[in-house]
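Geometric and topological summary
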Amino acid sequence: MVTYSTELASAENAERAEVLELHSIDRDSVIELRRGFFSDPPSLPSKYFYDQAGSVLFDEICELDEYYPTRTEASIMGASVDAMVDAIGPAGRLIEYGSGSSLKTRLLLEHVHADVTYVPVDISSDYLTEVAEGLRLEFPRRRIAPIAADFTRPFQLPSSGAGRARDVVYFPGSTIGNFRPSFAATLLSQMRNQVGTGGGLLIGFDLQKDSAVLEAAYDDRRGITALFNLNLLRHLNRVAGGDFDLDSYRHVALYNDRDHRIEMYLESCREQTVTLAGHTRTLSKSHRILTELSHKYTIDGFTEMAAASGWQREQIWTDANEYFAVGMFRS
Ligand SMILES: C[S@@+](CC[C@H](N)C(=O)[O-])C[C@H]1O[C@@H](n2cnc3c(N)ncnc32)[C@H](O)[C@@H]1O
């Protein structure tokens, strides 16, 4: 069943609630789903990968031999954490977009100033609650204010405990690459407006490389990425009135050389009729539903996109293979 309710808790609640819950499948989500799925080629928003099961599958992906981004980004951070912590400085809030397991963030939380409030923001609310509980035990003195929200829409932040100190957005995992360049720029502008002049952005982005390395990373031998992709249909069956037959789709991941991005699809194995959010369509055999884009950048190209959204590059860290980059920007 599709529900249309939106619960917008007040900033006051942010101080009391364990997790501030701002996300639900509302009317705008239904419109977005229908617009994508009932056009040609059909697409589904990749944010629906992430219910509890999807978040756990993503953590499994991060451990795979083929999936280089997580361990590469973690090693870049491990090698330069002191410089990153210096660059963050005595911030008010460290706001993490798409925090997931907050694994790499732990490195920062161990070292950033004691007054910094950590604000993990994620759409996968049950998983966020679980992770936040773990973080509170691990960092009992740190102020942690989780927000369950869709970061593609404006959302309200909890008050800062540190007076006029600047805020810093942390956006690891190359999640920025999941958005087409025009929307990635919009998101970067939203972040800039959230932190204001003088604010910071510490962001991980994936770099262009050999297509064989990329395609293996998104189509692993054990089939975990395939399960993750299919979980999107299971999630939509549960929350958006879908009737997808999960056995009738196969996972496809291809590198698009022209647009420098991995494209993930679910390909229909037979002709079939599907209902989603109250509407029905037919998919032919081999019809592909686009489920994820993952853009790969050059350092200069990313810097230009960030500059167009009001972010000036301060520092870039990368690995010896130049597979991945972490950048510090200032607004
Ligand atoms: C690629 S994972 C990265 C996780 C983690 N930051 C990391 O670096 O390993 C993307 C994360 O963003 C969250 N996410 C995806 N789309 C979102 C959205 N629109 N709003 C809020 N969170 C979202 C997912 O639940 C997931 O935890």
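Bear in mind that the values here come from a model prediction, so they are computed numbers and not experimental data.

**Observations concerning the overall build of the protein**
Broken down by element type, the protein carries ten helices and 13 strands. Expressed as a percentage of the 331 residues in the protein, the buried residues total 56%. For the protein, restricting intrachain contacts to residue pairs at least 6 apart in sequence, the fraction spanning at least 24 positions comes to 71%. In the structure as shown, the protein presents an accessible area of about 14,400 Å², 49% of it carried by carbon and sulfur atoms. Separation of charge centres in the protein, based on 33 positive and 47 negative side chains, amounts to 4 Å.

**Some thoughts on the environment of Ala83**
Position of Ala83 relative to the elements: it lies in helix 4 (residues 68-88). Each C-alpha atom, one on Ala83 and one on Asp26, is 42 Å from the other, the two residues being 57 residues apart in sequence. Apart from residues lying up to four places away in sequence, Ala83 is in contact with Gln315 and Trp317.

**Comments concerning the site of the ligand**
Within the structure, the ligand sits among 18 residues, and Gly98, Lys104, Asp122, Asp150 and Phe151 are positioned closest to it. Phe151 places a polar main-chain atom, nitrogen or oxygen, 2.9 Å from a nitrogen atom of the ligand. Here an oxygen atom of the ligand sits 3.5 Å away from a polar atom, N or O, in the main chain of Gly173. Split into classes, the residues belonging to the shell around the ligand amount to six nonpolar, seven polar and five charged.

**Let's talk about the domain arrangement of the protein**
Domain annotation for the protein reports domain 1 (20-25 + 66-209 + 296-330) and domain 2 (27-60 + 211-295). Between the C-alpha centres of domain 1 and domain 2 there is a distance of 26 Å. Contacts between the two partners involve 26 residues from domain 1 and, on the opposite side, 31 residues from domain 2. Across the interface of domain 1 and domain 2, roughly 2,500 Å² is buried in total on both sides, 51% from carbon and sulfur atoms. Three residues stand out in domain 1 for area buried against domain 2, namely Ile25, Glu66 and Lys296, and they jointly supply 31% of the buried area on that side.

**Notes on the sheet that holds strand 7 (residues 249-256)**
Strand order in this open sheet of three strands is 7-8-11, and the pairing throughout is antiparallel. Every other strand in the sheet has two partners, leaving strand 7 and strand 11 (288-295) as the edge strands with one partner each. Strand-to-strand twist in this sheet, taken as the mean axis angle between neighbours without regard to direction, amounts to 20°. Contacts between helix 9 (residues 224-239) and the sheet are confined to strand 7, strand 8 (261-268) and strand 11, with strand 8 contributing the most and set at about 65° to the helix.

**A closer look at the nonpolar core**
Ranked by size, the top nonpolar core spans 37 residues in total, and within it Phe37, Leu44, Leu233, Leu236, Phe244, Tyr249 and Leu276 carry the most contacts. Elements with a contribution of two residues or more to this core: helix 2 (27-37), helix 3 (52-62), helix 8 (211-217), helix 9, strand 7, strand 8 and strand 9 (272-276). Per element, the largest residue contribution to this core is seven residues, and it comes from helix 9. Formed jointly, this core draws a minimum of three residues from each of two domains, domain 1 (20-25 + 66-209 + 296-330) and domain 2 (27-60 + 211-295). For Leu236, the contacting residues outside a window of four places in its chain are Leu33, Leu44, Tyr48, Gly241, Gly242, Phe244 and Leu276. By size, the runner-up hydrophobic cluster in this structure holds 29 residues, among which are Phe151, Phe179, Leu201 and Tyr297.

**Describing helix 4**
Taking 1.5 Å of rise per residue, the 21 residues of helix 4 would be expected to cover 30 Å, yet its terminal C-alpha atoms sit only 26 Å apart, more than 12% below that figure. A maximum bend of about 75° is found in helix 4 at Ser80.

**So, the packing of helix 3 against helix 9**
Two numbers describe how helix 3 lies on helix 9: the axes approach to 9 Å, and their chain directions differ by 160°. Viewed along their axes, helix 3 and helix 9 adopt a mutual orientation that is roughly antiparallel. Relative to helix 9, helix 3 is oriented so that their crossing is left-handed. Note on element contacts: helix 9 touches helix 3 through Ile224, Thr225, Leu227, Phe228 and Asn231, opposite Ala53, Gly54, Leu57, Phe58, Glu60 and Ile61. Residues that form the contact of helix 3 with helix 9 fall into these classes: seven nonpolar, three polar and one charged.

**Re the pattern of salt bridges**
Under the criterion given, the structure shown has 20 salt bridges. Of the charged contacts, one joins Asp167 and Arg93 as a salt bridge, the two residues approaching to 2.6 Å between their closest N and O atoms. Within this pair, whereas Asp167 is found in the loop between strand 4 (147-148) and strand 5 (168-171), its partner Arg93 is found in strand 2 (residues 93-97), the two being separated by 74 residues in sequence. By relative accessible area, which is 7% here, Asp167 ends up buried. By relative accessible area, Arg93 is classed as buried at 13%. Between Glu138 and Arg106 there is a salt bridge, and its shortest N-O distance comes to 3.0 Å. Taken as a pair, Glu138 in helix 6 (residues 125-138) and Arg106 in helix 5 (residues 105-111) lie far apart in primary sequence, 32 residues in all.

What counts as what
- Residues numbered from 1 in each chain as written.
- Predicted model: local features only at pLDDT ≥ 70, side-chain atom pairs only at ≥ 80, totals over all residues.
- Heavy atoms only, no water.
- Helix = DSSP H or I, 4+ residues; strand = E, 2+ residues; numbered from the N terminus.
- Buried < 20%, exposed > 50% of the residue type's maximum accessible area, 1.4 Å probe, protein only.
- Contact = heavy atoms within 4.5 Å.
- Areas by Shrake-Rupley, 256 points an atom, 1.4 Å probe, with all protein chains shown as cover.
- Lys, Arg positive; Asp, Glu negative; His and termini not counted.
- Charge placed at Lys NZ, Arg CZ, Asp CG, Glu CD.
- Near = heavy atom within 4 Å.
- Polar contact = N/O pair within 3.5 Å; in protein donor to acceptor, adjacent residues only side chain to side chain.
- Nonpolar A, V, L, I, M, F, W, Y, C, P; charged D, E, K, R; others polar.
- Domains from an automatic or database assignment.
- Buried area = accessible area lost by both parts, 1.4 Å probe.
- Pairing = 2+ DSSP bridges.
- Axes fitted to C-alpha atoms, helices over the stretch in contact; angles between N-to-C directions.
- Core = buried A, V, L, I, M, F, W, Y, C linked by side-chain atoms within 4.5 Å.
- Expected span 1.5 Å × (residues − 1).
- Bend = angle between axes of the 7 residues up to and from the residue.
- Parallel < 35°, antiparallel > 145°, perpendicular 65-115°, else oblique.
- Left-handed = near helix turned anticlockwise from the far one by under 90°.
- Salt bridge = Lys/Arg side-chain N within 4 Å of Asp/Glu carboxyl O.

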